[in-house]
Amino acid sequence: MNAKNKTGRRVGIDIGGTFTDLFVTEADGAASIYKSPTTPHDPSEGLLNGLTKAADAVGESLEEFLGGVTTIVHGTTIATNAVLTRQGAKTGFVTTRGFRDLLNMRRGIRDRQNDSKYAPPVPLVPRDLIATVRERIDVSGNELVPLHDEDVREAAQLFKEQGVEAVAISYLWSFLDPSHEQRTAQILREELPDAFITLSSDVLPQIRAYERHSTTVLNAFVGPKLQNYLANIKRQLADRGFDGTLLIVQSNGGVMSPEIASEMAVNALMSGPAAAPEAALQYARRHGSEDVITVDMGGTSFDVALVRGGDPLLTSDSEIGGYRVALPMLDIHTVGAGGGSLVWVDSGGILRVGPQSATATPGPACYGRGGENPTTTDADLLMGYLNPDLFGDGAFTLDVDAARRAVQEKVATPLGLSVPEAVEGIYRVVNAAMAEAVNAVSVKRGFDPREFTLVVAGGAGPIHAVPIAQELGISRIIVPRESSVFCAVGTLLTDLKHMYARTFVAEVDAVDLGKVSEVYREMRDEAVVTLRSENVEPDAIELVFTADLRYVGQFEEIEIPLAFDQELSPTALKQLVSDFEEKHEALNGYSMPGEGTEIINLRVTALGRTTKAALAEEESAGADPAAAHKGTREAVFSGTARMTDIYDGLALRRDNRVAGPAIIEQPTTTVVLIEGYTLTVDAQGSYVIEPAN
């Protein structure tokens, strides 16, 4: 192995529905990207194929390559897919007697009020696998009914007979006193030594029983599958020479150790796209912006997230497949408009795109793997935007005739259109769906998209980016050179991150500052222990203290930062209320100074700062892009086919400037530049697209 490989090679990995993406950085800032088809039957196979491809590119065996890697950061869809396909563990649920149906009654409200045919998702735990136990803690944390051990043992016997693989435990008010849950877990581990056991007082120790029940059940449902996957990955990597650090991306945008992930599997929901906002922020900061909308168009979906003032938006009110998750997660809006999204005509003769996907196998019709239905990629190919001989890093050639037949049979003929008309219709429908998704995270939440920089990711995203920005009035677009593996890039830009919460309901005017301080110190100490167990040095630990506040009588609370060291001071409390009223005004258009305010939850966010991937900067090559010009190809712009300049993206250099219409090609990314826009290459090789002056 050469000396260079021993000095800090790092690998970011993101397994998507169609491709497994790798981003490899060396200690000197050199970076490479690789893509390998995802293998749904065993995602680790596609991951190892990608690593082998990276090793081959530098002339090393896989063992030599991995021996030089210090860190692997992995975003995974294992947990998410287990929920969406309902292929997690067979799960049992233990709760307080008299409240057996609280979990599956949900909130008792129809999610889609105007859809008479809508039904809630199939319960992850059927009613006959919900066991109730005599026990009760009251609203003040006092024991009203002691735990009856015999009820727990009866539940264990039921689960044993039914072949239950995982058990979730969630009692009423257990977050105030977890002793009943802890004793229940002890008994279940004695009776069911092979089962995955999880407690709500560990997963989500805060108020609102349904949300706590649901989140705990999700942790149990996906836990065994993620645990087995991580154990398999660790073993396979170790067998091939990897002895560095493996980290897993969390849904809150941070990373965690495999050991933490194995116990808190629910934190890996949305693990894949969660790395994108942090990556987008890093690219935008190079151009003086901390207000960013990031869009990521993969093979299956189109993900949108918003960063305001340098902070990605989080939500504690998420759903995955219709199941409530109350842990803080990045607020990512997803629509089924990926490169592999199927195009179809509904019974009313309306052109639709997605949410169904052609997936990796057979893939779009143009892949030539047996797919007969047209997709977004087929339309992009027929628009002339994709080079059929340069796709997926040259892994295969696209079949133009197969794409044309699919569009003709499934879209053009049913709608009475020509193939060119149908293709352009598909392109516009996809763009409209994407623009609406951006509206969902911006306009509908009170943000003006014109104030944001649009950072575009995904192999297909840059094909559609400029029309989307034009529709929304966004004046700056950044397409990273690494766009096609953007989430993999983001994994190397994240920190270890753990979030803790404790319910502490009290009116601000009567709050006991000593008790608040005690709770904060307990969470702080727990956070530090966790980060130290992940080998984070003390000087790399950063703690952020916040509290959830609301006006007395409101249902929704707002999270507000506060200053805390060892004790919460009256001055800090007063500032907390002032900041709450200011944010309430910004979010809701009004505030009520002097009205009663109450604290609901206390929170601590613990960050373990990691070494970030640093990309090398290029020397200026001037504005003339002629050295990268490859020729011309017929492509459609504004309904007209025209010969269009084609540029080699890998040959474009810093400060090169391209005027639209033009197409910039890389092996795994294509940028479509429409008329009236210009593209400039920045110091790291990213493309900055703006309206022409």
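Residues numbered from 1 in each chain as written. Predicted model: local features only at pLDDT ≥ 70, side-chain atom pairs only at ≥ 80, totals over all residues. Heavy atoms only, no water.

**Focus: the packing of helix α12 (residues 400–415) against helix α13 (residues 419–441)**
Part 1: The contact between α12 and α13 brings their axes to 10 Å, and the two run at 80°. Considering their axes alone, α12 and α13 lie roughly perpendicular with respect to each other. In this structure, α12 contributes Arg-404, Val-407, Gln-408, Val-411 and Ala-412 to the contact, and α13 contributes Val-419, Ala-422, Val-423 and Ile-426.
Part 2: Here the contact of α12 with α13 is built from residues that sort into seven nonpolar, one polar and one charged. (Axes fitted to C-alpha atoms, helices over the stretch in contact; angles between N-to-C directions. Helix = DSSP H or I, 4+ residues; strand = E, 2+ residues; numbered from the N terminus. Parallel < 35°, antiparallel > 145°, perpendicular 65-115°, else oblique. Contact = heavy atoms within 4.5 Å. Nonpolar A, V, L, I, M, F, W, Y, C, P; charged D, E, K, R; others polar.)

**Considerations on the pairing of strand β27 (residues 558–561)**
Part 1: Side chains Ile-558 and Ile-560 project from β27 onto a buried face, and the interleaved Glu-559 and Pro-561 project onto a face without burial.
Part 2: Pairing of strand β26 (residues 541–551) with β27, which is carried by four bridges, proceeds in the antiparallel orientation. The partner of Leu-549 across the bridge, within β27, is Ile-558.
Part 3: The turn joining β26 and β27, which pair antiparallel and follow one another in sequence, is formed by six residues; a positive phi near 100° is taken by Gly-553. (Buried < 20%, exposed > 50% of the residue type's maximum accessible area, 1.4 Å probe, protein only. Pairing = 2+ DSSP bridges.)

**Here's the deal with the sheet that holds strand β10 (residues 196–199)**
Part 1: Spatial strand order, β6-β5-β9-β10: four strands in an open sheet with parallel pairing. With one partner strand each, in any of the chains shown, β6 (130–133) and β10 form the two edges of the open sheet. The average angle at which neighbouring strand axes cross in this sheet is 20°, direction not considered.
Part 2: Sheet topology note: the strand β9 (residues 166–169)/β10 ladder contains four bridges and is parallel. Across the sheet, Val-167 pairs through a bridge with Ile-197, a residue of β10.

**Observations regarding unusual backbone geometry**
Part 1: Cis peptide bonds are those with omega within 30 degrees of zero, and the linkage from Gly-660 to Pro-661 qualifies with 5°.
Part 2: Not every positive phi belongs to a glycine, and Arg-86 is a case in point at roughly 55°.
Part 3: Mapped onto the fold, Arg-86 is located in the loop between α3 (78–84) and β5 (91–96).
Part 4: Non-glycine residue Met-270 carries a positive phi angle of around 60°.
Part 5: By the element assignment, Met-270 lies in the loop between α9 (258–263) and α10 (276–285).

**Overview of the side chain of Glu-581**
Part 1: Topologically, Glu-581 is positioned in helix α17 (residues 570–588).
Part 2: In this structure, Glu-581 is buried with no salt-bridge partner, the nearest side chain bearing the opposite charge being Lys-574 at 11 Å.
Part 3: In this structure Glu-581 touches Tyr-551, Ser-591, Met-592, Pro-593 and Gly-594, once residues within four positions along its chain are discounted. (Lys, Arg positive; Asp, Glu negative; His and termini not counted. Salt bridge = Lys/Arg side-chain N within 4 Å of Asp/Glu carboxyl O.)

**Observations regarding the pattern of salt bridges**
Part 1: This structure, assessed with the given rule, holds 36 salt bridges.
Part 2: The partner of Asp-525 in a salt bridge is Arg-524, and the shortest N-O contact between them spans 3.1 Å.
Part 3: Judged by relative accessible area, Arg-524 falls into the buried class, the value being 15%.
Part 4: One network of salt bridges, with partners in common, ties together Arg-97, Arg-134, Glu-150 and Asp-151.

**Considering the layout of surface pockets**
Part 1: Each pocket or cavity is described by its volume, and for the second largest pocket that value is around 690 Å³.
Part 2: Residue lining of the second largest pocket: 33 residues in total, with Asp-202, Val-203, Met-264, Tyr-500 and Glu-526 positioned closest to the centre.
Part 3: When residues in the lining of the second largest pocket are grouped by element, the largest group, six residues, is from strand β25 (residues 496–507).
Part 4: Along the lines of polarity and charge, the residues of the lining of the second largest pocket split into 14 nonpolar, 12 polar and seven charged. (1 Å grid on protein atoms, 1.4 Å probe; cavity = no way out; pocket = protein on both sides within 12 Å on 5 of 7 lines; lining within 4 Å. Points joined across faces, edges and corners; volume = space filled by probe spheres on them.)

Purely spatial values, then, with no claim about function.
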